[in-house]
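Below are the chains, spelled out letter by letter.
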Amino acid sequence: MFSDKTYSVVNREERFFCFLLGHALLMSGQVRQGFTELAQRKCNVTLDPDKLEVYVEAAALRDYWRELGDPVVYSPETHERRKAVLKSIFEKFDLTEDILDKHDLFWTSTRKLWNPNHWNEKALAEVGLNKLVKVKWAFNAKPDILLMSPESMLVIEAKVESAEGCKADTNYRQLDVQELIIDLWKQLIPSFKRDIKLALLNLSASHEKVPVIQWSEIIEIISNSDVDEFTRKAIAKLNQYSRR
């Protein structure tokens, strides 16, 4: 038999704690003020606590790709918009638009241009386009938290028990992909052309590459705020990990 503890006590899901942080930021001016001051100090980013938008698992590249047009109807206008986006991406990697007509891997069986998240990694390698694999990863990824205010944005990769995602056989490193995502956002999305910073939300105090916000700092802000009791108690449970 399992223990008789409540689920809020045994829940270990990182997305749950991200949800709690997002909820607290949206409902409490005290949390927004405390967090934006923390972000300024730790990440050198200025977020407006009175004009803060909160997104969890933000798949902006895929969302904007879908907004190019109905993939079922797939009009000539949708095709040209997709092609223009791919041309811009190729230019970033010193490639020309004509590779689209040279390789079937960019096309569906009904001759629609694939969303990059569908590109076949093996097929890319076979035709010498390995560098585009990172684009596929970027279109597949969903940064844990995206905070937007009029002049700036903060992308947060959150960790509790897990380490940074990496694959030695493919040179995949999660934070490298997050940096590419930010570059592509700035290049392709007009409303994202602003100051964007990347941070790690973690239990530890430092990282060799990106600024770190600690969960203990989030717990302190939320514990001393006017948020609901469930959120305060549930997020305070993270203290047990810092004592290991």
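Everything below is about the structure printed above this text.
Attention in this report is confined to the structure presented alongside it.

Conventions used here
Residues numbered from 1 in each chain as written. Predicted model: local features only at pLDDT ≥ 70, side-chain atom pairs only at ≥ 80, totals over all residues. Heavy atoms only, no water. Helix = DSSP H or I, 4+ residues; strand = E, 2+ residues; numbered from the N terminus. Buried < 20%, exposed > 50% of the residue type's maximum accessible area, 1.4 Å probe, protein only. Contact = heavy atoms within 4.5 Å. Areas by Shrake-Rupley, 256 points an atom, 1.4 Å probe, with all protein chains shown as cover. Phe/Tyr/Trp six-rings, centres within 6.5 Å; stacked < 30°, edge-to-face > 60°. Pairing = 2+ DSSP bridges. Core = buried A, V, L, I, M, F, W, Y, C linked by side-chain atoms within 4.5 Å. Disulfide = S-S within 2.5 Å.

Across its full length, the protein holds 12 helices and seven strands. Counting over 244 residues, the protein shows a buried share of 48%. When contacts within the protein are restricted to residue pairs at least 6 apart in sequence, those whose partners lie at least 24 apart make up 63%. Put simply, the protein shows about 13100 Å² of open surface, and 50% of that area lies on carbon and sulfur atoms.

For the rest of this paragraph, the subject is the environment of leucine 68. Within the secondary structure, leucine 68 sits in the loop between helix 4 (60-66) and helix 5 (76-92). Of the residues examined, leucine 68 reaches a relative accessible area of 12% and is grouped as buried. With 54 residues separating them along the chain, leucine 68 and lysine 122 place their C-alpha atoms 27 Å apart. If sequence neighbours within four positions are ignored, leucine 68 has contacts with Thr78, Arg81, Arg82 and Val85.

This brings us to the packing of aromatic side chains. Enumeration over the complete set of coordinates arrives at nine aromatic pairs. On the numbers, 5.9 Å between centres and 85 degrees between planes, the contact of tyrosine 64 with phenylalanine 192 is edge-to-face. Of this pair, tyrosine 64 sits in helix 4 while phenylalanine 192 sits in the loop between helix 9 (174-188) and strand 6 (195-202), placing them 128 residues apart in sequence. In this structure tyrosine 64 comes out as partly exposed when scored by relative accessible area, which is 35%. Taking the relative accessible area as the measure of exposure, phenylalanine 192 reaches 4% and is therefore buried. Their ring planes at 90 degrees and their centres at 6.3 Å tell us that tryptophan 65 and phenylalanine 139 sit as a pair that is edge-to-face. In this pair, tryptophan 65 is assigned in helix 4 and phenylalanine 139 in helix 8 (residues 133-140), connecting sequence segments 74 residues apart. With relative accessibility at 5%, the residue tryptophan 65 sits in the buried group. For phenylalanine 139, a relative accessible area of 2% puts it in the buried group.

Let's shift gears to the pairing of strand 3 (residues 152-158). Within strand 3, seven of the seven residues are buried, which leaves it mostly tucked inside the rest of the structure. Side chains Ser152, Leu154, Ile156 and Ala158 project from strand 3 onto one buried face, and the interleaved Met153, Val155 and Glu157 project onto a second face that is buried too. Where strand 2 (residues 145-149) meets strand 3, five bridges bridge the pair, whose relative direction is antiparallel. Bridged to leucine 147 within strand 3 is leucine 154. Where strand 2 folds back on strand 3, the antiparallel hairpin that results is connected by two residues. Examined bridge by bridge, strand 3 and strand 6 share seven bridges and lie parallel to one another. Looking at the pairing, methionine 153 lines up with isoleucine 196 of strand 6.

This part covers the nonpolar core. Phe90, Phe106, Leu132 and Trp185 are the most contacted members of the largest nonpolar core, which has 47 residues in total. For this core, the element with the most residues is helix 9, which contributes seven residues. Excluding residues that lie within four positions of it along the chain, leucine 132 makes contacts with Phe90, Phe93, Leu95, Ile99, Phe106, Trp119 and Leu124. Leu21, Leu25, Val54 and Trp215 belong to the second largest nonpolar core, which has 35 residues in total.

Unusually for a residue other than glycine, glutamate 57 sits at a positive phi of about 50 degrees. Among the secondary structure elements, glutamate 57 is positioned in the loop between strand 1 (53-56) and helix 4. In this model, aspartate 94 sits at a positive phi of 60 degrees, which is unusual for a non-glycine residue. Note that aspartate 94 resides in the loop between helix 5 and helix 6 (99-102).

What follows covers the state of the cysteines. Here, disulfide denotes a covalent bond that connects the sulfur atoms of two cysteines. Under the counting rule described, the total for this entry stands at zero disulfides. Take cysteine 18: it sits in no disulfide, and the sulfur closest to it among the cysteines is that of cysteine 43, at 14 Å. Given a relative accessible area of 3%, cysteine 18 falls into the buried group.

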